[in-house]
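# Observations on chain architecture
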Amino acid sequence: MPADSQVYRSTRSSSPKTFSFEDAIIQGLATDGGLFIPPTIPQVDQATLFNEWSKLSFQDLAFEIMRLYIAQDEIPDADLKDLIKRSYSTFRSDKVTPLVQNVTGDKENLHILELFHGPTYAFKDVALQFVGNLFEYFLQRTNADLPEGKKKQLTVVGATSGDTGSAAIYGLRGKKDVSVFILYPTGRISPIQEEQMTTVPDENVQTLSVTGTFDNCQDIVKAIFGDREFNSKHNVGAVNSINWARILAQITYYFYSFFQATNGKDSKKVKFVVPSGNFGDILAGYFAKKMGLPIEKLAIATNENDILDRFLKSGLYERSDKVAATLSPAMDILISSNFERLLWYLAREYLADSDDLKAGEIVNNWFQELKTNGKFQVDKSIIQGASKDFTSERVSNEETSETIKKMYQSSVNPIHYILDPHTAVGVCATERLIAKDNDKSIQYISLSTAHPAKFADAVNNALSGFSNYSFEKDVLPEDLKKLSTLKKKLKFIERADVELVKNAIEEELAKMKL
């Protein structure tokens, strides 16, 4: 019998129906448009955290955390351990997500959590290497005794504002019985990000370059998930951060970095600062906090596309008409998809008297309102509840560039530390918190979500004035240098239209010999 934290329900459902972990992962998005969540967050006592978990490797810690959310009869211990081991064997660091401590010296306690040591140099590898193996595991088990014509195949469709696409492709390339289609906005991602996606030769991979914005791409993906006929014909699956497995895999590095920053000791004085777009990364921190990790605060760092910052200050969740193009393009979005998950927990706690079904009804009403009116207003109790766990900072382009420059000049461990622009948004927000708090006992962990090589223009513009700086020598890894020489494989979609995209997917599926 699975525990309450090992079954899943939709954030918009007012029915008692629950789903297995496998159903939630393979389906990705609920048919009512909601996102899958465990209605109960498992609790870990302080003795377990600091006497046992604090001593574990990243992989062993991931196993302990994931076991709480996945029933034994869905994935036995040995299989789960093997999935985790294979997923993180592709990383360049033994620690998987190493913490660079006291980057600016020992007076600020500013630590940078490097999440970019996976195959595509972005934090999304931490989740998507695992998700790729998970999809293959479930499909191979389903297909084991089926004849060729009856085997189940999964068509993964996702949208990317930069890093998700390449991380999804590298997680799924060559996997049996899985095809992957990634939509991205033409001309709105960096050249290296585009090269990483379009130069993968595996037959089961196809990129679709769409004229429009990331939000157009995301809307098309959601429409495809909502199309029951297309869905049942092609068995569509999700890898965007709407997929629960993405959030689950990211919870580990909050525990792991907390233990690194505090030498495994219990401390109520740790703050995490997270560059935030779709809210998936920081939501993993929320789960860690609610499981019992004593995080003092989770700080949302946004760029000029500041829907989350505005919401926390006003309670108004409003879709603006325009996406501002910034130096941190992966955060250039109008709607933060994963925020819906947080709203469900807040609605249940503060408005629904801990009633799961009532919480689903409330969230569904909010998002119907968003669809109809482009906005919704929440009760003051929701804002007060969110403020117990979260704070937020908005960072401009100028401040982003200035932070890259300042860190290059002032870092001591190591010297000339180079930030990518998304990490710079987080570090700028962290520096503000350090100044506001004026408390030397607080440890600040700022998440570094991408390698600086992925954002050459922003990094070069900030650092080109330094005579000893060289992008080729100081930033660009060897394997990224080779990308521009490889053959590209992409398909252009002339306008953001769901029918055009569905036709393109069907055309390409017919060519793939899965």
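An unreviewed UniProt entry annotates the protein as Threonine synthase of Saccharomyces cerevisiae x Saccharomyces kudriavzevii. In the Pathway (unreviewed entry) part of its UniProt record, the protein is described as follows: "Amino-acid biosynthesis; L-threonine biosynthesis; L-threonine from L-aspartate: step 5/5." Recorded in UniProt under Sequence similarities (unreviewed entry), the annotation for the protein is "Belongs to the threonine synthase family."

## Overview of the UniProt feature "domain: Threonine synthase N-terminal" (unreviewed entry) in the protein
Within this structure's numbering, the places UniProt gives as "domain: Threonine synthase N-terminal" (unreviewed entry) are residues 8-88. The span residues 8-88 carries 44% helix and 5% strand; its end-to-end C-alpha distance comes to 26 Å.

## Comments concerning empty space enclosed by the protein
Any empty space left between the atoms is revealed when a probe the size of a water molecule rolls over them. Applying the stated criterion across every chain, the model contains 2 cavities of 30 Å³ or more. Its volume calculated, the largest cavity comes out at about 300 Å³. Taken together, 25 residues make up the lining of the largest cavity; nearest its centre are Phe123, Lys124, Gly277, Asn278 and Ala330. Elements represented by at least two residues in the lining of the largest cavity include exactly α6 (163-172), α10 (244-261) and α11 (280-291). Looking at the lining of the largest cavity residue by residue, the class counts come to 9 nonpolar, 12 polar and 4 charged. Among the domains, domain 1 (97-120 + 245-457) and domain 2 (153-234 + 477-513) are the pair contributing at least three residues each to the lining of the largest cavity. Taken as a whole, the second largest cavity encloses approximately 40 Å³ of empty space. Around the second largest cavity, the lining residues are Ser276, Gly277, Thr302, Asn305, Asp306, Ile307, Leu308, Met331, Ile333 and Ser336. Residue composition of the lining of the second largest cavity, grouped by class: 4 nonpolar, 5 polar and 1 charged.

## Some thoughts on the domain arrangement of the protein
Assigned domains within the protein: domain 1 (97-120 + 245-457) and domain 2 (153-234 + 477-513). In this structure, domain 1 and domain 2 have C-alpha centres spaced 27 Å apart. Across the contact, 18 residues belong to domain 1 and 18 residues belong to domain 2. Buried area between domain 1 and domain 2, summed over both chains or domains, comes out near 1500 Å², and the portion from carbon and sulfur atoms is 50%. Here Asp219 ties to Arg319 by a salt bridge, and the two come within 3.1 Å at their closest N and O atoms. Taken together, the links from domain 1 to domain 2 amount to 5 residue pairs in polar contact (both at pLDDT 80 or more).

How each quantity is defined
Residues numbered from 1 in each chain as written. Predicted model: local features only at pLDDT ≥ 70, side-chain atom pairs only at ≥ 80, totals over all residues. Heavy atoms only, no water. UniProt positions renumbered as here; feature names shortened; annotations may be inferred. Helix = DSSP H or I, 4+ residues; strand = E, 2+ residues; numbered from the N terminus. 1 Å grid on protein atoms, 1.4 Å probe; cavity = no way out; pocket = protein on both sides within 12 Å on 5 of 7 lines; lining within 4 Å. Points joined across faces, edges and corners; volume = space filled by probe spheres on them. Nonpolar A, V, L, I, M, F, W, Y, C, P; charged D, E, K, R; others polar. Domains from an automatic or database assignment. Contact = heavy atoms within 4.5 Å. Buried area = accessible area lost by both parts, 1.4 Å probe. Salt bridge = Lys/Arg side-chain N within 4 Å of Asp/Glu carboxyl O. Polar contact = N/O pair within 3.5 Å; in protein donor to acceptor, adjacent residues only side chain to side chain.

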